[in-house]
Structures are given as C-alpha cells and as structure tokens.
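In case you want the letters, here they are:
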There are 2 protein chains.
Amino acid sequence: MSHAGEFALIERYFARPTPSAVLGPGDDCALLQPSPGMQLAVTTDMLVAGTHFFPDTDPFNLGWKALAVNVSDLAAMGAKPRWATLAGALPTVDEEWVAKFAEGFFACAAAYGVDIVGGDTTRGPLNLCITAFSEVAPGQALRRDGAKVGDLIYVSGRPGLASLGLAHLQGKVELPEPWRRLCQIALEKPRPRVALGLRLIGIASAAIDVSDGLLADLGHIAKRSALSAAVQLVQLPHLPKGQQHNDIPRALALDCQLAGGDDYELCFTVPPAHNQQIAAIATELELPLWCIGQMTAGIAGEVAVFDPDGQPIVFDHHGYDHFA
Amino acid sequence: MSHAGEFALIERYFARPTPSAVLGPGDDCALLQPSPGMQLAVTTDMLVAGTHFFPDTDPFNLGWKALAVNVSDLAAMGAKPRWATLAGALPTVDEEWVAKFAEGFFACAAAYGVDIVGGDTTRGPLNLCITAFSEVAPGQALRRDGAKVGDLIYVSGRPGLASLGLAHLQGKVELPEPWRRLCQIALEKPRPRVALGLRLIGIASAAIDVSDGLLADLGHIAKRSALSAAVQLVQLPHLPKGQQHNDIPRALALDCQLAGGDDYELCFTVPPAHNQQIAAIATELELPLWCIGQMTAGIAGEVAVFDPDGQPIVFDHHGYDHFA
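Predicted, not measured: the structure shown is a model, and the values here were computed from it.

Some words on the overall build of chain A
Step number 1: The helix and strand inventory of chain A stands at 9 helices and 12 strands.
Step number 2: At 20 Å, chain A has a C-alpha radius of gyration in line with the 20 Å of a compact globule built from 324 residues.
Step number 3: Seen through its C-alpha atoms, chain A measures out along the principal axes to roughly 70 × 55 × 35 Å.
Step number 4: Counting all 324 residues of chain A, 59% fall into the buried class.
Step number 5: Of the contacts made within chain A by residues no fewer than 6 positions apart, 86% connect residues no fewer than 24 positions apart.
Step number 6: For chain A, the computed accessible surface area is about 13,000 Å², with 54% contributed by carbon and sulfur atoms.
Step number 7: Each charge sign in chain A was given a centre, from 22 positive and 35 negative side chains, and these centres are 4 Å apart.

Rendered as structure tokens:
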C-alpha cells in the first residue's frame, strides 16, 4: 500500500459524523460552537506504550481506555463531555489493529456522548494523546481547591481493583472469580464517573479522579485547598479475599487501595450540611459512595491514614509516578 | 533527585500565569470562558523526535516550533489564538533542556498571545503534542472548502525556504549568506501568519497553511472545494541562487518550492472581486503575497503546474508523508 494509502486508511477509520460540531475532521481546525454562557473544561492526557499500557494490549480496550481517562478528568470537574481530538504516533500501520482501536475508541465516545472533531497521525513509537472538552456553568465546576475544614471525604466504587488486576496480570497474586474478571474490567475498560460528577455539582466542595492512587490524588485536593486530610482505613471498601491458601497479602491489598493508580473513581469532599444527599445519590446511581475521612487543618497537602485504634499508619508509597 | 522532584521541576517550568483562563494548570481540567457568540477553532499536532525534528534540535527552537505549527493551523482559519495545552513524553528529565524548551515555547506563546492552560508529562520516547484554541465569529472562518471556479490562488512569503534549509543541514546543497540564515530561520523558528489570516476574513474564499508542501496543501483546498487548481510556475517567488559554481540544482529548487514542507506560509484563494484588496494587505503587513494560479473546474483535488510555455510539468513528489 502506498504511503498516501496508509493515511487514507487511518482517516477512514476516524472520520465519522460529528453532529455536535460546526466543522469536524479534515480542515486546519475543527470548529465548535460553545453553548451560550457556558465555560469550557479542557484536559489533555498522553498515553505511551510501555509506560501506561503493555504494547500488546488489546486494541479495542486501549481505544476505550485512551478516551476514558480523559473523560474521567471531565467527570471530576462535574462537566458534561462534548468533544475530543486524538493525536497518535504509530510505528507501523496495521489495519486490523487500527480498526479495533477505532472500534473501542468510538464505543467509549458513543457511551459518553463525545464527538471526535479532529486529530493528527504520524509515524513514531506508539503514543496516544487525547484532548477532551466539556461544558460547565460558570462557578459550578468541581475544582480541587474548594475543600473546607470538617468536610467529609468520599470515594466512589472500590479503589484498588485496577491495580489488583495489574498485580494478577503480573503474577503477583492469583485472584478468584468473580474478582479476577471485575479487576480486569476495572483495569482495561474503566467507566468514568460522569453521572456522579454531574450530580455532585452544588453538593461537593472539591473533587478529583483517582488516576494516580487514592492518597496521592486526595493529597492534591488537600494541597490545593491548603488543608490536611485524615483517612480512616477501616472505612475503605474491602478488596477481595484470595482463594483458600491464596489470600491476598495485606501489604499488597493496602498498596492497591491507597496507592493503586488507574481506578478512575471520584474522590470528593462534602460539607457536613450536604452529607444527607450523598446516600440518595448512591442509590440513584447504583454506585457505592464511601465516607473515608475528613478534611482537617494542618500541613497543606498532608494525608494521614489511621487504623481502627486511631493510630496513624506509616505508608510510603504515595501514588504512581510516570518517571518511576 | 526524587521522582516527585522531577515532576515538580517540570511543573515549575510550565505553570505560568494564565490571565485569559478562568482556571489554569493544576486541576483535572483547565476552565475557559469563550467570548459570547464566538466559535472555537481547535487543532492538535503531534511532533515526534526523528520524524519531525532531529533529536538534538536546539530545545529553544523546538519549543518555539512545537507551538508555532499549531498556531499556524489557527492562522489558516483566520482565527485569533487564545489558549493551548502541551502534553509531552520525555525519555529522561534534563533540567537544562526543559528550561530551554520552556523558554522557546513561552516565547512563541507570548508572541502570539496564547495562554498555556494545561498539560501532561510522562516518560517515553520524545514526543510533543499540542492542542491549540482560537476564537472566530460564526461563519467567518477560512475553511478549505470555500474556493470557487476562477478564484485566484495566492501564497505568502517564499515557500521552499524551510526545506532548502533542511537540504543545507543534510549537506545536499551549500547556501550562501544571507540565504543560509534565512532558510535556517524558516526551518527552525517559523512565524505563523496570524495577522494575515485575520486580515483575510471576508476576503479569501479558502485557506490552508503550507505544512506538507505547496502542491499537497493546495490539493487539499482543491479536493475539499471539489475543484482543480492550475499553478503557473513562473509566478512562484524565486528561491536563492547558490554561490558561484554552486548553484542550487533546478530539481532541488523545484522540489523545495512545490513539495517542501514546514513553511507555514498561507495558501489561499481569492474571488476576482476581492483581488484589489490583496496588494494593500501585502503592503500593510510588509509580507509578499504572490498570485500563483487559479482554481478551475476539473477533477476534484487535482493540481496542475504549468511552465512559461503553458506546458504542464510532471511532478511526482506530492508533499511530505509522515509514513514515508
């Protein structure tokens, strides 16, 4: 196939109708008409083979996840996803791989109502960079810097599943069913909490998505809000027990719960006056929301974890660092 | 240095005041307030070491150019640059390199009035992905699909300088001064034609920036406008003569003029009724604007080049292909 043919191939898979754009792919720029009065929330994430995913990752799941991690940033602002662009470097053009990647990517786009309005493709080591856009009313976005002393700290879902799934893939633990499957889905096909983010507008005082690990991400809220955070270990949702004679070591479970990346749950703070509303939201969304601690005065950005006896736990691993 | 320290280092160089954003770097998303009624033009470009630039490129110039190529896409829409995000993968963190890259990047941002509102940094083979945003009034953007039969074809500046500079670096030709310096600047520190794009609103019928080569990019206008284009070779601006006994071979000069990438000049079409205004714009901007041909009915996307005798020239090399 000619080189021009390779480009045409890629364009064919990614140029789809963009009903919510004025002008989609194929010009120097896409043209978007923001809704009157709304603010635009913008996020960009770069995923690199070998750093963020295994080079042989199933391309459908990779396509899904590449967009999902960006949608998760939009969810953490309480913003409604609208548009995204995709830039990618590929070492070679493998039509089957491109087709499956596009299928997963557009499946995620359809699930969250995102129009893919533009992109760029080039040759290079496998790298995917997505920029995603959403709209939110002025003053309504869930920022990291809004937490106040006494606000309750919540987390959705079951943080740690994704990194437990990774530990399983790496042979560090053998998970029984149905946990193996649940952890695999959490790792490979995360569901960004868009509906939760939208429901938390006017209720939560701050929010972040758990991408780098619960303590690290809660630390970002604490730092930006100039507060400390106190987490009660016993209030965290349990991770699965292993099979008989094969229990998950406590150190690994703790590591996954507190420092496991890639969960894309939301961690958020709630003023006590709004606390009553959280249970109703959990019921409405059929999504567990766990109160795991409270914001406190103290060193900005410090996150302390306490055991059931009220003793602080020393925990060194503060989240995933891409330069690790 | 700790890994967290490396991240803090990078953040320090790229978190600068963003007066035109509601919320800049440091949260899950940036927050932007679009101007009432305006449309948003969005472009994304990925630059890969070894594909788009030499890995040992001067980091200041690389920083400038990485943003400039995106600003050029905004210029080609006639849109006023406002915001950008930067995602980058680095194999290692070299503080001196990061500092110089940031200096060049922000120099370009300042020159074109762009606020850097967010980003992402990770470990991986050197890769830079920028997404840039501008505003344009509804219906005013210079698209590729607006050319009509009989519209005159223009190009700004002197297409081919950048690729001639590359040929010099590659030892294919030895350029005399001041051309060597001019070609080097064109290659390493391109000036996107933002002022020209803004002035062409309401005058040009279509526009594109010359990033892949004049014929290839004019071909995009022709294809999207469902027309052919006829280019008169004699009307193209001259490229430099070489030094005595060292003239630039005609084949190389032609290749640079017609298929040289990386110029970031604007190629645009003008209805005959507006043609009188072009000379005034050239004078006002102190930028040569060359009428090089005319749009014609014919096979959509076909670009024919004619010599002074009116004979078509066969020319195979239709622009730079990143999968070449």
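Focus on helix α9 (residues 276-285) of chain B
A turn of α-helix holds 3.6 residues, and therefore any two residues three or four places apart point the same way.
All names here are of chain B.
Step number 1: Buried within α9 are the following residues: Ile278, Ile281 and Ala282. Along the axis of α9, the buried positions cluster into a sector of 100°, meaning they face one direction only. Facing away from the buried side of α9 by more than 90 degrees, the exposed set consists of Gln276, Ala279 and Thr283.
Step number 2: Where α9 is buried, its residues touch β6 (152-156), α6 (194-199), β9 (266-270) and β10 (289-296).
Step number 3: Residue Glu286 follows α9 closely and has a positive phi angle near 50°.

Looking at the pattern of salt bridges
Step number 1: A complete count under the given rule lists 20 salt bridges over all chains for this structure.
Step number 2: Two residues, Asp145 of chain B and Arg143 of chain B, come together in a salt bridge whose shortest N-O distance is 3.0 Å.
Step number 3: Residue Asp145 of chain B is classed as partly exposed on the basis of its relative accessible area of 28%.
Step number 4: Here Glu265 of chain B and Arg193 of chain B are joined by a salt bridge, their closest N and O atoms 2.8 Å apart. With Glu265 of chain B in the loop between α8 (250-259) and β9 and Arg193 of chain B in the loop between α5 (179-188) and α6, the pair connects residues that are 72 residues apart, well separated along the chain.
Step number 5: The network of salt bridges with common partners includes Asp27 and Asp28 of chain A together with Arg144 of chain B.

A closer look at the interface of chain A and chain B
Step number 1: Listed per partner, the contact involves 67 residues of chain A and 67 residues of chain B.
Step number 2: Roughly 5,300 Å² of surface becomes buried between chain A and chain B when both sides are summed, with 59% attributable to carbon and sulfur atoms.
Step number 3: Counting across the chain A and chain B interface gives 4 salt bridges.
Step number 4: Measuring nitrogen to oxygen at the nearest pair gives 3.1 Å for the salt bridge that ties Asp28 of chain B to Arg144 of chain A.

A few points about the side chain of Thr131 of chain A
Step number 1: Assignment of secondary structure puts Thr131 of chain A in strand β5 (residues 127-136).
Step number 2: Among the residues examined, Thr131 of chain A registers a relative accessible area of 0% and is labelled buried.
Step number 3: Of note is the side chain of Thr131 of chain A, whose polar atom sits 2.8 Å from the side chain of Thr131 of chain B.
Step number 4: Once residues within four sequence positions are removed from consideration, Thr131 of chain A is found in contact with Val42, Thr43, Thr44, Trp83, Ala84 and Thr85 of chain A together with Thr85, Thr131 and Phe133 of chain B.

Points about the packing of helix α4 (residues 161-169) of chain A against helix α5 (residues 179-188) of chain A
Residue and element names in this part refer to chain A.
Step number 1: In the contact formed by α4 and α5, the axes pass within 7 Å of each other and the chain directions differ by 110°. When the interaxial angle is binned, α4 and α5 end up roughly perpendicular. Facing Leu161, Ala162, Leu164, Gly165, Leu166, His168 and Leu169 of α4, the residues of α5 in contact are Trp179, Arg180, Cys183, Ala186, Leu187 and Glu188.
Step number 2: Classifying every residue of the contact of α4 with α5 gives 9 nonpolar, 2 polar and 2 charged.

A short note on the relation of the copies chain A and chain B
Step number 1: Taken as rigid bodies, chain A and chain B are interconverted by a rotation of 180° and an axial shift of 0.0 Å, the fit giving an RMSD of 0.0 Å. Look at the turn and shift together and you get a two-fold axis relating the two.
Step number 2: The fraction of interface residues of chain A whose copies in chain B are also interface residues reaches 99%, indicating that both copies meet through the same surface.

A word on the sheet that holds strand β3 (residues 80-90) of chain B
Step number 1: Spatially, the 5 strands line up as an open sheet ordered β1(A)-β2(B)-β5(B)-β3(B)-β4(B), and their pairing is mixed. Both edges of this open sheet fall to β1 (30-32) of chain A together with β4 (115-123) of chain B, since each of them pairs with a single strand only. Adjacent strand axes in the sheet meet at a mean angle of 20°, parallel and antiparallel pairs treated alike.
Step number 2: Note: β1 of chain A against strand β2 (residues 39-48) of chain B, 3 bridges, orientation antiparallel. Note that in β2 of chain B the partner of Leu32 of chain A across the bridge is Leu40 of chain B.
Step number 3: Strands β2, β3, β4 and β5 (127-136) of chain B of the sheet are contacted by helix α2 (residues 59-75) of chain B, whose axis makes an angle of about 140° with β2 of chain B.
Step number 4: Contacts between helix α3 (residues 95-112) of chain B and the sheet are confined to β3, β4 and β5 of chain B, with β3 of chain B contributing the most and set at about 165° to the helix.

Some details on the sheet that holds strand β8 (residues 228-232) of chain A
Step number 1: Taken together, 7 strands build an open sheet; the order of strands is β7-β9-β6-β10-β8-β11-β12 (chain A) and the sheet is mixed. Each of the sheet's edge strands pairs with one partner strand only, and the pair in question is β7 (206-209) and β12 (312-313) of chain A.

Regarding the packing of aromatic side chains
Residues and elements named next belong to chain A.
Step number 1: The full count for this structure, using the stated rule, is 17 aromatic pairs over all chains.
Step number 2: With 5.5 Å between their ring centres and 10° between their planes, Tyr154 and Phe268 make a pair best called stacked. Placement of Tyr154 in strand β6 (residues 152-156) and of Phe268 in strand β9 (residues 266-270) is noted, with a sequence separation of 114 residues between them.
Step number 3: By way of ring pairs, the aromatic residues Phe14, Trp97, Phe101, Phe105 and Phe106 are connected into one cluster.
Step number 4: In this structure, Arg16 packs its charged tip against the face of Phe106, placed 3.9 Å from the ring centre.
Step number 5: Lying across the ring of Trp64, Lys189 places its NZ or CZ 4.5 Å from the centre.

Quick notes on the environment of Ala21 of chain B
All names here are of chain B.
Step number 1: Within the fold, Ala21 resides in the loop between α1 (3-14) and β1 (30-32).
Step number 2: Ala21 sits 21 residues away from Val42 along the chain, and the two C-alpha atoms are 16 Å apart.
Step number 3: Beyond its immediate sequence surroundings of up to four residues, Ala21 is in contact with Leu31, Leu32, Trp83, Asp115 and Val117.

Details of the confidence of the model for chain A
All names here are of chain A.
Step number 1: When the pLDDT values of chain A are averaged, the result is 90; 93% of them are 70 or greater.
Step number 2: Below pLDDT 50 for its whole length, residues 319-324 participates in 27 contacts with residues either more than four positions away or in separate chains.
Step number 3: Among the prediction metrics, the complex's ipTM stands at 0.89, with pTM recorded as 0.91.

Thoughts on the pairing of β2 of chain B
Residues and elements named next belong to chain B.
Step number 1: Buried residues dominate β2, accounting for 10 of its 10 residues.
Step number 2: Across the two faces of β2 the burial is the same, with Gln39, Ala41, Thr43, Asp45 and Leu47 and Leu40, Val42, Thr44, Met46 and Val48 all buried.
Step number 3: With 10 bridges joining them, β2 and β5 adopt antiparallel strand pairing. Along β5, the bridge assignment pairs Thr43 with Ala132.

Side note on the side chain of Asn61 of chain A
Step number 1: The topology assignment puts Asn61 of chain A in helix α2 (residues 59-76).
Step number 2: Excluding residues within four positions of it along the chain, Asn61 of chain A makes contact with Glu188 and Lys189 of chain A.

Scoring rules and cut-offs
- Residues numbered from 1 in each chain as written.
- Chains lettered and ligands numbered in written order.
- Predicted model: local features only at pLDDT ≥ 70, side-chain atom pairs only at ≥ 80, totals over all residues.
- Heavy atoms only, no water.
- Helix = DSSP H or I, 4+ residues; strand = E, 2+ residues; numbered from the N terminus.
- Rg over C-alpha atoms; globule rule 2.2 N^0.38 Å.
- Buried < 20%, exposed > 50% of the residue type's maximum accessible area, 1.4 Å probe, protein only.
- Contact = heavy atoms within 4.5 Å.
- Areas by Shrake-Rupley, 256 points an atom, 1.4 Å probe, with all protein chains shown as cover.
- Lys, Arg positive; Asp, Glu negative; His and termini not counted.
- Charge placed at Lys NZ, Arg CZ, Asp CG, Glu CD.
- Arc of directions from axis to C-beta.
- Salt bridge = Lys/Arg side-chain N within 4 Å of Asp/Glu carboxyl O.
- Buried area = accessible area lost by both parts, 1.4 Å probe.
- Polar contact = N/O pair within 3.5 Å; in protein donor to acceptor, adjacent residues only side chain to side chain.
- Axes fitted to C-alpha atoms, helices over the stretch in contact; angles between N-to-C directions.
- Parallel < 35°, antiparallel > 145°, perpendicular 65-115°, else oblique.
- Nonpolar A, V, L, I, M, F, W, Y, C, P; charged D, E, K, R; others polar.
- Least-squares fit on C-alpha atoms with pLDDT ≥ 70 in both.
- Pairing = 2+ DSSP bridges.
- Phe/Tyr/Trp six-rings, centres within 6.5 Å; stacked < 30°, edge-to-face > 60°.
- Lys NZ or Arg CZ within 6 Å of the ring centre and 35° of its normal.
- pLDDT = per-residue confidence, 0-100.

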